[in-house]
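Coordinates in review
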Amino acid sequence: MFTLTISQRIDEVVTLFRHSRYPIAFTGAGISTDSGIPDFRSGNSGLWQNVDPMVVASIYGFRRDPQAFYNWVRPLTKTTIEAEPNAAHYALAHLEQRQCLHAVITQNIDMLHTRAGTQQIYELHGHMREATCISCFAVYDNRPLMDQFMQDGRVPLCPACGGIMKPNVILFGEQLPMTQLQGAQNAARQCDLMVVIGSSLEVAPAGDLPVYAKRNGAKLVMINLESTHVDSMAEVVIHARAAEILPEIVRRLEK
Ligand code: NAD
């Protein structure tokens, strides 16, 4: 069977962009691995090893034992604070500036898309920008709380009431933020091209959006190191690093 080279597949993606009226991107943890933030499923990150995610990274686990949650999340917090956007984040921001991309839907909490300059973003799993007190619901800038936590390792407490602070990230068992979910669903319904980057698509309901877009007539492009269950529905599948492929798509689009 004739198999296209990666370069030929990139050309196909460029053609899809050229014919698209409403292209969007859907990203997961894989877009940020080249910024030094491990994804959750690639074997050696250690994040999921020796823990039960449904316990430690769930809202029930958080309420039962917040210190265990904070102990687990400490290495991820450190790498997220230190991380910089990579060429893939900048390529998407550039495409938006050139009006070649309408929105980014992300499952990431690392804020690297906004730091790269993306404006229209739906952060389905929340973000690390702010934290909320689980007792009085006061919202604070998360950065000073995280800086203090990185120094002393103690659960951050609410400056107002002394309650436990929770970063505004969505844990297992929590609802997705409604405005973000509705915005993402609208974009997925309107788009005629969705480029899926660095996601295993294993976490529902976010991971269902590419199939939803496809059912509404969109074309799908998959840029991921590994296969996903959605590859067979996609017009183009590229198994390679996002930080290599996305800048090349931009370069060829601008030729
Ligand atoms: P995942 O870990 O399930 O899957 C990541 C996928 O990206 C894998 O299929 C992997 O092969 C691929 N990948 C890894 N490096 C890549 C690269 N350089 N280029 C292209 N593909 C690459 O991630 P997910 O589907 O986003 O689900 C994980 C959940 O964990 C999400 O809910 C997310 O919120 C959260 N998470 C977020 C971060 C972050 O904010 N950076 C990091 C880890 C986990």
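Keep in mind the model is a prediction, meaning the values are calculated, not measured. (Residues numbered from 1 in each chain as written. Predicted model: local features only at pLDDT ≥ 70, side-chain atom pairs only at ≥ 80, totals over all residues. Heavy atoms only, no water.)

Applying the stated rule across the entire model yields 1 cavity of 30 Å³ or more. Space inside the largest cavity adds up to approximately 40 Å³. Taken together, Thr106, Asn108, Asp110, Met111, Leu112, His113, Thr114, Ile121 and Glu123 make up the lining of the largest cavity. Taken together, the elements giving at least two residues each to the lining of the largest cavity come down to α6 (112-116) and β3 (121-123). Top element by residues in the lining of the largest cavity is α6. It accounts for 3 residues. Looking at the lining of the largest cavity residue by residue, the classes come out as 3 nonpolar, 4 polar and 2 charged. (1 Å grid on protein atoms, 1.4 Å probe; cavity = no way out; pocket = protein on both sides within 12 Å on 5 of 7 lines; lining within 4 Å. Points joined across faces, edges and corners; volume = space filled by probe spheres on them. Helix = DSSP H or I, 4+ residues; strand = E, 2+ residues; numbered from the N terminus. Nonpolar A, V, L, I, M, F, W, Y, C, P; charged D, E, K, R; others polar.)

Now for the sheet that holds strand β9 (residues 236-238). Strand order in the open sheet made by the 6 strands is β3-β2-β1-β7-β8-β9, with parallel pairing throughout. Taken across any chain shown, the strands that pair with only one partner, and hence form the sheet edges, are β3 and β9. In this sheet, neighbouring strand axes are inclined to one another by 15 degrees on average, regardless of whether the strands run parallel or antiparallel. Contacting β1 (23-27), β2 (103-106), β3 and β7 (193-197), helix α8 (residues 178-190) crosses the sheet at an angle of about 130 degrees to β3. (Pairing = 2+ DSSP bridges. Axes fitted to C-alpha atoms, helices over the stretch in contact; angles between N-to-C directions. Contact = heavy atoms within 4.5 Å.)

This next bit is on the site of the ligand. Taken together, 27 residues lie around the ligand, and Gln107, Asp110, His125, Ser199 and Ser200 are the ones closest in. Measuring from a nitrogen atom of the ligand, one finds a side-chain N or O atom of Asp110 at 2.7 Å. Between Ala242 and the ligand, the recorded distance is 3.0 Å, taken from a backbone N or O atom to a nitrogen atom. By residue class, the composition of the shell around the ligand is 10 nonpolar, 11 polar and 6 charged. (Near = heavy atom within 4 Å. Polar contact = N/O pair within 3.5 Å; in protein donor to acceptor, adjacent residues only side chain to side chain.)

Now for the side chain of Thr77. Among the secondary structure elements, Thr77 is positioned in helix α4 (residues 66-82). Setting aside chain neighbours within four positions, we find Thr77 in contact with Met128, Met146, Phe149 and Met150.

Two faces, one strand: in a regular strand the side chains alternate between the faces of the sheet. Extensive coverage of β7 is indicated by the burial of 5 of its 5 residues. What you see with β7 is no split at all: Leu193, Val195 and Ile197 on one side and Met194 and Val196 on the other are buried throughout. Two strands pair when backbone bridges link them, and β7 and strand β8 (residues 219-223) are joined in this way by 5 bridges, in the parallel orientation. Bridge pairing links Leu193 to Lys219 in β8. You can see the chain leave β7, run along helix α9 (residues 209-215) and come back into β8, and the turn it takes is right-handed. (Buried < 20%, exposed > 50% of the residue type's maximum accessible area, 1.4 Å probe, protein only. Right-handed = clockwise from strand over helix to strand, strands pointing away.)

A few words on the pairing of strand β6 (residues 165-169). A large share of β6 lies buried, amounting to 4 of its 5 residues. Pairing of strand β4 (residues 126-133) with β6 involves 4 bridges; the strand directions are antiparallel. Directly across from Ala131, in β6, lies its bridge partner Pro167.

How big an interface is tends to be stated in terms of the accessible area lost upon association of its parts. Domain boundaries assigned for the chain yield domain 1 (1-37 + 84-125 + 176-255) and domain 2 (40-82 + 126-169). In this assembly, 14 residues from domain 1 lie in contact with 11 residues from domain 2. Considering only the side of domain 1, the residues that lose the most area to domain 2 are Ile37, Ile109 and Met111, jointly responsible for 42% of the buried surface there. At the boundary of domain 1 and domain 2, one finds 1 salt bridge. Our count for the domain 1 to domain 2 interface comes out at 4 residue pairs in polar contact (both at pLDDT 80 or more). Tallied by class, residues from the side of domain 1 that touches domain 2 come to 5 nonpolar, 5 polar and 4 charged. (Domains from an automatic or database assignment. Buried area = accessible area lost by both parts, 1.4 Å probe. Salt bridge = Lys/Arg side-chain N within 4 Å of Asp/Glu carboxyl O.)

Strands sit in the order β5-β4-β6 across an open sheet of 3 strands; the sheet is antiparallel. Strands with a single pairing partner mark the edges of an open sheet, and in this sheet they are β5 (139-141) and β6. Neighbour to neighbour, the strand axes of the sheet diverge by 40 degrees on average, direction disregarded. Packing of α4 onto the sheet brings it into contact with β4 and β6, and relative to β6 it is tilted by some 50 degrees.

By the element assignment, Ser20 lies in the loop between α1 (6-19) and β1. A residue is classified by how much of its surface remains accessible, and Ser20, at 16% relative accessible area, is buried. In this structure Ser20 touches Asp192 and Leu193, once residues within four positions along its chain are discounted.

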